[in-house]
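Okay, here's what each chain looks like letter by letter:
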Amino acid sequence: MWQESTNSYASTSYASSYYSQPEPQLQFYSPDPNSLYPASRSSLDGNLPPQGPISQQQGLASAYGGNIHQTGGSWWTAFGTGGFEGEPPLLEELGINFQHIRAKSMTVLNPLRGVEAHIMDDADMAGPIIFVFCFGICLLFSGKPNFGYIYGVGLFGSASIYALLNLMSERGIDAYRVVSVLGYCLLPMVGVSAISVMTLLDGTFGYLLSFISILWCTYSASGIFVAVLQMSDQRLLVAYPVGLLYGCFALLSIFNNGSPAGAA
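The structure presented is a predicted model; accordingly, all values stated were derived computationally and were not measured. (Residues numbered from 1 in each chain as written. Predicted model: local features only at pLDDT ≥ 70, side-chain atom pairs only at ≥ 80, totals over all residues. Heavy atoms only, no water.)

## Quick notes on the overall build of the chain
Along the chain, the regular secondary structure elements total 12 helices and 0 strands. Listed by position from the N terminus, the elements making up the chain come as α-α-α-α-α-α-α-α-α-α-α-α. Out of the 264 residues in the chain, the part that is buried amounts to 31%. Counting only contacts in the chain whose residues sit at least 6 apart along the sequence, the fraction spanning at least 24 positions is 66%. A total accessible area of about 18100 Å² is found for the chain, and carbon and sulfur atoms account for 63% of it. (Helix = DSSP H or I, 4+ residues; strand = E, 2+ residues; numbered from the N terminus. Buried < 20%, exposed > 50% of the residue type's maximum accessible area, 1.4 Å probe, protein only. Contact = heavy atoms within 4.5 Å. Areas by Shrake-Rupley, 256 points an atom, 1.4 Å probe, with all protein chains shown as cover.)

Next up, the structure:
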């Protein structure tokens, strides 16, 4: 009886001593959103680089060790000879060079001066379009709305001259340069159409002025074609069809295709 009480007491004391021991400090993983990042969400939103165009990301350039070059200047800088830094001028991208237009126009206005063989290496259409437009506007102001005739005669004449030059020359020439030369050499005829605005050309003065302008245009155009194609021995053969073409433009400047002014 005494042993049983002793054993029960011993077992009771052992159990109490076992349960009285301090529990070990166990570390369990707890997903804390703030423990994954050193800063809070609000601070992260403030530290992110701005989203938008490159021109607005002013602080992004210093983070990558470079500088984003921001060009300054007014919008009309693109129309000048310099343009924006690192970019060609807008007129150059469009194929408009006023210096080349001026040089070719002076060659036409002074046909007695020697023509360079490389004058049409830069065959542009800006000058011819301007001269044809001025020719049609002057005829319109003089009461001769001949835009359709100008387009038809110019298209048919350019195609004919292109075919003849390629048959006569060994080097050949493209249609773009043919149209460019014929358009630039139309400049004296533009002066005749401008005079027709102020006075009637259906008379001796108009006939003489138109004849001089035909010779002028033909001499300039044939000189350029001969210099480019190296056909110095065939200048008269080149000048004949060219003169016929400019003669058609002269007829458009002199005569009116509509009804007479005195008709009802």
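## As for the nonpolar core
Ranked by size, the top nonpolar core spans 37 residues in total, and within it Met189, Phe225, Tyr246 and Phe249 carry the most contacts. Those elements giving two or more residues to this core turn out to be helix H6 (98–109), helix H7 (126–141), helix H8 (147–168), helix H9 (175–184), helix H10 (187–198), helix H11 (204–229) and helix H12 (235–254). In this view, phenylalanine 249 contacts Phe135, Ile150, Val153, Gly154, Leu186 and Met189; residues no more than four positions away in its chain are not counted. (Core = buried A, V, L, I, M, F, W, Y, C linked by side-chain atoms within 4.5 Å.)

## Some remarks on the packing of aromatic side chains
Under the counting rule described, the total for this entry stands at 4 aromatic pairs. Considering the side-chain rings of phenylalanine 131 and tyrosine 184, the 5.9 Å spacing of their centres and the 80° angle between planes classify their relative orientation as edge-to-face. You can see phenylalanine 131 sitting in helix H7 and its partner tyrosine 184 sitting in helix H9, a full 53 residues away along the chain. Neither phenylalanine 131 nor tyrosine 184 differs from the other in exposure class; each is buried. Ring centres 6.4 Å apart and planes at 45° place the aromatic pair tyrosine 246 and phenylalanine 249 in the tilted group. One end of the pair, tyrosine 246, and the other, phenylalanine 249, are both in helix H12, 3 residues apart, so they sit about a helical turn from each other. Of the residues examined, tyrosine 246 reaches a relative accessible area of 0% and is grouped as buried. On the basis of relative accessible area, phenylalanine 249 is assigned to the buried category, the value being 6%. (Phe/Tyr/Trp six-rings, centres within 6.5 Å; stacked < 30°, edge-to-face > 60°.)

## Observations regarding the pattern of salt bridges
Within this structure, the stated rule accounts for 2 salt bridges. Its salt-bridge partner being aspartate 124, residue lysine 104 comes within 2.8 Å of it at the nearest N-O pair. With a gap of 20 residues between them, lysine 104 in helix H6 and aspartate 124 in the loop between H6 and H7 connect regions that are remote in the sequence. One exposure class covers both lysine 104 and aspartate 124, and it is buried. Taking the shortest distance from any N to any O, the salt bridge between arginine 177 and aspartate 174 comes out at 3.1 Å. (Salt bridge = Lys/Arg side-chain N within 4 Å of Asp/Glu carboxyl O.)

## Quick word on the side chain of threonine 218
Mapped onto the elements, threonine 218 comes out in helix H11. Within polar-contact distance, the side chain of threonine 218 engages the backbone oxygen of isoleucine 214 at 2.7 Å. Setting aside chain neighbours within four positions, we find threonine 218 in contact with Ala239, Val242, Gly243 and Tyr246. (Polar contact = N/O pair within 3.5 Å; in protein donor to acceptor, adjacent residues only side chain to side chain.)

## A few points about the side chain of serine 196
Relative to the helices and strands, serine 196 resides in helix H10. When its relative accessible area of 4% is taken as the criterion, serine 196 is described as buried. For serine 196, the residues in contact, after removing those within four places along its chain, are Leu139, Ser142, Lys144, Leu201 and Ser253.

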